[in-house]
Structure formats: structure tokens, C-alpha cells
Amino acid sequence: QVQLVESGGGLVQAGGSLTLSCAASGNIFRTNNMGWYRQTPGAQRELVAAITRGGNTNYADSVKDRFTISRDNAKNTVYLQMNSLKPEDTDVYYCNADVSSVGRLRASAYWGQGTQVTVSS
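Structure report, in brief.

Reading the values: the criteria
Residues numbered from 1 in each chain as written. Predicted model: local features only at pLDDT ≥ 70, side-chain atom pairs only at ≥ 80, totals over all residues. Heavy atoms only, no water. Core = buried A, V, L, I, M, F, W, Y, C linked by side-chain atoms within 4.5 Å. Buried < 20%, exposed > 50% of the residue type's maximum accessible area, 1.4 Å probe, protein only. Helix = DSSP H or I, 4+ residues; strand = E, 2+ residues; numbered from the N terminus. Contact = heavy atoms within 4.5 Å. Phe/Tyr/Trp six-rings, centres within 6.5 Å; stacked < 30°, edge-to-face > 60°. Lys NZ or Arg CZ within 6 Å of the ring centre and 35° of its normal.

## A look at the nonpolar core
Point 1. Ranked by size, the top nonpolar core spans 29 residues in total, and within it Trp36, Leu80, Met82 and Tyr93 carry the most contacts.
Point 2. Mapped by element, the contributors of at least two residues to this core are strand 1 (2-7), strand 3 (18-26), strand 4 (30-39), strand 5 (46-51), strand 7 (67-72), strand 8 (77-82), strand 9 (91-100) and strand 11 (115-120).
Point 3. Beyond its immediate stretch of four places on either side in the chain, leucine 80 contacts Leu18, Thr19, Leu20, Trp36, Val48, Ala49, Phe67, Thr68, Ile69 and Tyr93.

## Examining the packing of aromatic side chains
Point 1. In the structure shown here, the tally under the stated rule is one aromatic pair.
Point 2. With centroids separated by 5.0 Å and ring planes inclined at 65°, the aromatic side chains of tyrosine 37 and tryptophan 111 adopt a geometry described as edge-to-face. Linking tyrosine 37 in strand 4 with tryptophan 111 in strand 10 (residues 108-111), this pair joins segments that are 74 residues apart in sequence.
Point 3. For tyrosine 37, a relative accessible area of 23% puts it in the partly exposed group.
Point 4. Taking NZ or CZ as reference, arginine 45 lies 3.7 Å from the ring centre of tyrosine 94, over its face.
Point 5. Sitting above the plane of the tryptophan 111 ring, arginine 45 keeps its charged end 4.6 Å from the centroid.

Structure (C-alpha cells):
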């Protein structure tokens, strides 16, 4: 089994910054793609940013040039640096990781428990 533990959410004023972290642990042979999603209650979960093991990144248009995703493969950890935050960035942010495990033929996707980010105007 694999667990993803997120940290770094909180309350910040508009224009401020936050950094989210997500550490994967458990039966991990290799972490593959990792990413951050966000979800408003009653709405679909949407991709914020994703990063491949090799470091290729992809961002939602709404966060380009403000958010930066990065990862530390040795620590099985992914980060999301969020700058110039806006009230519309308020959401629950979820970490996602595609993980190859020892003893399993296929990789599986795992989710963190979510961390609240609130941006006040």
C-alpha cells in the first residue's frame, strides 16, 4: 500500500504565496507521474499541474506563470509553489501519484487526503 501525505495549505491574503508538499511512502519501487488537483465542493476535480519523473511539466491555463510544480525523486515528494494567489484559487488541493510497487505488475494511482487553501481578498 502507498500513502500520500500533503502539507502546506492554509490561509493567505491575495497576492501572497504558499508551498504545498506531498510525500509518498509505503511500497514504492518508483513514482511515475505526479500532480496536483483542486476541487470545489459540488464540482469536478481539476488538474492544476503535473510533472513526469523526468521533469516535464503541464499547467492549467489559470495558474501558468504563477504556480510551479517540482519534485524530488529520491524523497518521492512533489511540491507546488503558488505565487500571486487569487481568491479564485481557494479550494481543496489534492496530490496524485502514479506509483509502481514491488510485487505488482501495473502501476496504480493514489490520492492524498487533501489540504485546504484559502485566499482572502
